[in-house]
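Each chain is listed here by its residues.
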Amino acid sequence: MTIEDKANEIAAHMVKNGEDKNIVSSPMLIIAIISILIELFKLWKSCNKTPKDALQEIHSPGIIVRWMVRRTVRKVLDDEEMEKKYAAKIAQAIMSVKVNDEVEMAKLFSQV
């Protein structure tokens, strides 16, 4: 699985939860989601987290991990209108669409 595949999975989750398919599947939003995922993986790597550690954090996120995801989403979107409309929805989708196993997480880690 690639980071792009995971971004498309997140977008599909947002559509399933009632977002407009034309907006969510736009290249601009997909690129933003990819950028968010890359930033999250860079952050985990900078904290010397292994794929196993990151997998555990994403499967049972504490307040720090949820804050980290929301902060990264806001940082990447960097547009007040986009942030108001989509930041919370993207953060929720990222927390809902989980990586299945350590092998998949290691593949995603290796792409950053």
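Up top is the structure these notes are about.
Rules used in this analysis
- Residues numbered from 1 in each chain as written.
- Predicted model: local features only at pLDDT ≥ 70, side-chain atom pairs only at ≥ 80, totals over all residues.
- Heavy atoms only, no water.
- Helix = DSSP H or I, 4+ residues; strand = E, 2+ residues; numbered from the N terminus.
- Rg over C-alpha atoms; globule rule 2.2 N^0.38 Å.
- Buried < 20%, exposed > 50% of the residue type's maximum accessible area, 1.4 Å probe, protein only.
- Contact = heavy atoms within 4.5 Å.
- Areas by Shrake-Rupley, 256 points an atom, 1.4 Å probe, with all protein chains shown as cover.
- Lys, Arg positive; Asp, Glu negative; His and termini not counted.
- Charge placed at Lys NZ, Arg CZ, Asp CG, Glu CD.
- Core = buried A, V, L, I, M, F, W, Y, C linked by side-chain atoms within 4.5 Å.
- Patch = residues over 30% accessible without salt bridge, like charges linked within 9 Å, V, L, I, M, F, W, Y side chains within 5 Å.
- Salt bridge = Lys/Arg side-chain N within 4 Å of Asp/Glu carboxyl O.

Some remarks on the overall build of the protein
On a plain count of helices and strands, the protein comes out with seven helices and zero strands. In the protein, the succession of α and β elements from N to C terminus is α-α-α-α-α-α-α. Taken over the C-alpha trace, the protein has a radius of gyration of 13 Å; the compact-globule value for 112 residues is 13 Å, and the two agree within 12%. Dimensions of the protein, computed from C-alpha atoms along their principal axes, come out at roughly 35 × 25 × 20 Å. A buried classification covers 38% of the 112 residues belonging to the protein. The long-range share in the protein, meaning contacts at least 24 apart out of those at least 6 apart in sequence, stands at 75%. For the protein, the accessible surface area stands at approximately 6400 Å², while carbon and sulfur atoms represent 54% of it. Once the 17 positive and 16 negative side-chain charges of the protein are each reduced to a mean point, those two points are 4 Å apart.

Considerations on the side chain of Glu-104
In this structure, Glu-104 sits in helix H7 (residues 102-110). Each residue touching Glu-104, except ones within four places of it in the same chain, is listed here: Met-1, Lys-6 and Val-99.

Regarding the nonpolar core
Counting 36 residues, the largest nonpolar core has Ile-33, Phe-41, Trp-44, Val-73, Ile-90, Ile-94 and Met-105 as its most contacted members. For this core, the elements supplying multiple residues, two or more each, are helix H1 (3-16), helix H3 (27-46), helix H4 (51-59), helix H5 (63-77), helix H6 (80-96) and H7. For this core, the element with the highest residue contribution is H3, accounting for ten residues. What Ile-94 contacts, discounting residues up to four positions off in sequence, is Ile-10, Ile-36, Leu-40, Val-69 and Val-73.

Things to note about a nonpolar patch on the surface
On the surface, Ile-63, Ile-64 and Trp-67 cluster together into a nonpolar patch covering about 360 Å² of accessible area. Classification of Trp-67 by relative accessible area gives partly exposed; the value is 43%.

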